[in-house]
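What follows is each chain in one-letter form.
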Amino acid sequence: MKQDPDYDWDSVARRYVERDTTAEQTFGSLSPEPLAVIRDGASTSFEYLSSAELVAAPPATEQFVDVRERIIGNIATGLSAKPANDNSARVGDFMQTFTARQFWPLDARPEEVHIEDIAHALSLQCRYAGHCRNFYSVAEHSVLIARWLVDVGESVETALAGLMHDATEAYLVDMPRPVKRSLHEYRIHEAALWRVIAKRYGLPEELPAIVHGADQRIIADELVNMLPMAWHGKHDSPLGVKLELWSPNRAEQEFLAAYVALDHMRMAA
């Protein structure tokens, strides 16, 4: 069926989500207590602690002290979730994020986007809708692109855009390309969410062409993780990166480490 270009497809989705109470029914009222995220090597635990206890907890590794301090600062200063039924001023309903925050994917605000949530969610999402020989996360894919951009001499800002180019998938997940083309409302919300994420991290609203190109070319490198098919032949310009097939825990840590390194390089420039 041909879509009417003058039809307000966004309003159709909005009429649905404004009446959707699934999250409220699922979560009820979230705890207002500060949530401590404690990392110990490859494991992560969650405890409700006072800010003093949280600060006193030993850091996991030197590499992640900066990220951990940001978690402490955000949570211990009272950025707790609002009650689940307090969404009268928001469009749609909320989802719970990894760090026990409320997030409105159809009405996102920059201050509600957090790198800890993005890293964790992308580390658990598999590329190609899971149709791989082995688990290969969106987080690893993103880190490989960012590293390649640095290696070929692109700016820190471009490398950071490469790292974050799939960040919307942390909140909207991804759709296989044949499906996404027909999901008009999804693409509207994906574009709107990217603009919010870009504002949060000082990224361009339009991704650099080289990031788009790298995202396409890396498919040639990633085909080693898929069973052979004829269509693979058209992907003949690989980046030359090597998939390591990280575990979710490793992928999360590598994504956070890449973000911290690029962010520090940008601030030092």
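See the structure printed just above.
I will try to describe carefully the structure that is included in this document. Please read all numbers here as calculations on a predicted model, not as lab measurements.

What to know about the overall build of the protein
The helix and strand inventory of the protein stands at 12 helices and four strands. Across the 269 residues in the protein, those meeting the buried criterion constitute 44%. Residue pairs at least 24 apart in sequence account for 59% of intrachain contacts in the protein once pairs closer than 6 positions are excluded. Of the roughly 14,100 Å² that the protein leaves accessible, carbon and sulfur atoms contribute 54%.

Brief notes about helix α12 (residues 248-268)
The terminal C-alpha atoms of α12 lie 30 Å apart, and with 21 residues this matches the ideal 30 Å at 1.5 Å per residue to within 8%. Burial in α12 covers these residues: Ala251, Glu252, Glu254, Phe255, Leu256, Ala257, Ala258, Tyr259, Val260, Leu262 and Asp263.

Observations regarding the side chain of glutamine 125
Inspection of the secondary structure puts glutamine 125 in the loop between α5 (115-123) and α6 (138-151). Since its relative accessible area comes to 16%, glutamine 125 is described here as buried. With residues up to four places along the chain from it excluded, the contact list for glutamine 125 reads Phe135, Tyr136, Ser137, Val138, Glu169, Ala170, Val173 and Asp174.

What to know about the packing of α6 against helix α11 (residues 209-222)
At their nearest, the axes of α6 and α11 sit 10 Å apart, and the two run at 115 degrees to each other. As α6 packs across α11, the resulting crossing turns out to be right-handed. Contact residues: α6 offers His141, Leu144, Ile145, Trp148 and Leu149, while α11 offers Ile210, Val211, Ala214, Asp215, Arg217, Ile218 and Glu222. Classifying every residue of the contact of α6 with α11 by side-chain character gives eight nonpolar, one polar and three charged.

A word on helix α10 (residues 184-201)
Between its first and last C-alpha atoms α10 spans 26 Å; for 18 residues at 1.5 Å apiece the expected length is 26 Å, and the two agree. What α10 keeps buried is the set Tyr186, His189, Glu190, Leu193, Trp194, Val196, Ile197, Ala198 and Tyr201. Positive backbone phi, approximately 65 degrees, marks glycine 202, located one or two places after α10.

Describing the environment of valine 156
Relative to the elements of secondary structure, valine 156 occurs in helix α7 (residues 156-164). For valine 156, a relative accessible area of 18% gives the class buried. A sequence separation of 10 residues divides valine 156 from alanine 146, and the C-alpha atoms of the two residues are 9.1 Å apart. In this structure, valine 156 is in contact with Leu262, Met265 and Arg266, ignoring residues within four places of it in sequence.

Details of the pattern of salt bridges
Overall, the coordinates contain nine salt bridges when judged by the stated rule. Glutamate 254 is the salt-bridge partner of arginine 250, the closest N and O atoms lying 2.6 Å from each other. Of the two residues, arginine 250 and glutamate 254 both sit in helix α12, four residues apart, roughly one turn of that helix. Residue class for arginine 250 comes out partly exposed when judged on its relative accessible area of 35%. Classification of glutamate 254 by relative accessible area gives buried; the value is 16%. Close ionic contact of arginine 266 with aspartate 263 constitutes a salt bridge, the shortest N to O distance being 3.3 Å. Residue arginine 266 and its partner aspartate 263 are both found in helix α12; the two are separated by three residues, about one turn of the helix.

Some points on the nonpolar core
With 50 residues, the main nonpolar core has Ile118, Leu163, Met164, Tyr201 and Phe255 as its most contacted residues. When contributions to this core are tallied by element, the ones reaching two or more residues are α5, α6, α7, α8 (169-172), α10, α11 and α12. Among the elements that take part in this core, α6 stands out by supplying eight residues, more than any other. Phenylalanine 255 has contacts with Ile115, Ile118, Ala119, Leu122, Ala139, Ser142, Val143, Leu163 and Met164, leaving out every residue within four places of it along the chain.

Parameters and conventions
- Residues numbered from 1 in each chain as written.
- Predicted model: local features only at pLDDT ≥ 70, side-chain atom pairs only at ≥ 80, totals over all residues.
- Heavy atoms only, no water.
- Helix = DSSP H or I, 4+ residues; strand = E, 2+ residues; numbered from the N terminus.
- Buried < 20%, exposed > 50% of the residue type's maximum accessible area, 1.4 Å probe, protein only.
- Contact = heavy atoms within 4.5 Å.
- Areas by Shrake-Rupley, 256 points an atom, 1.4 Å probe, with all protein chains shown as cover.
- Expected span 1.5 Å × (residues − 1).
- Axes fitted to C-alpha atoms, helices over the stretch in contact; angles between N-to-C directions.
- Left-handed = near helix turned anticlockwise from the far one by under 90°.
- Nonpolar A, V, L, I, M, F, W, Y, C, P; charged D, E, K, R; others polar.
- Salt bridge = Lys/Arg side-chain N within 4 Å of Asp/Glu carboxyl O.
- Core = buried A, V, L, I, M, F, W, Y, C linked by side-chain atoms within 4.5 Å.

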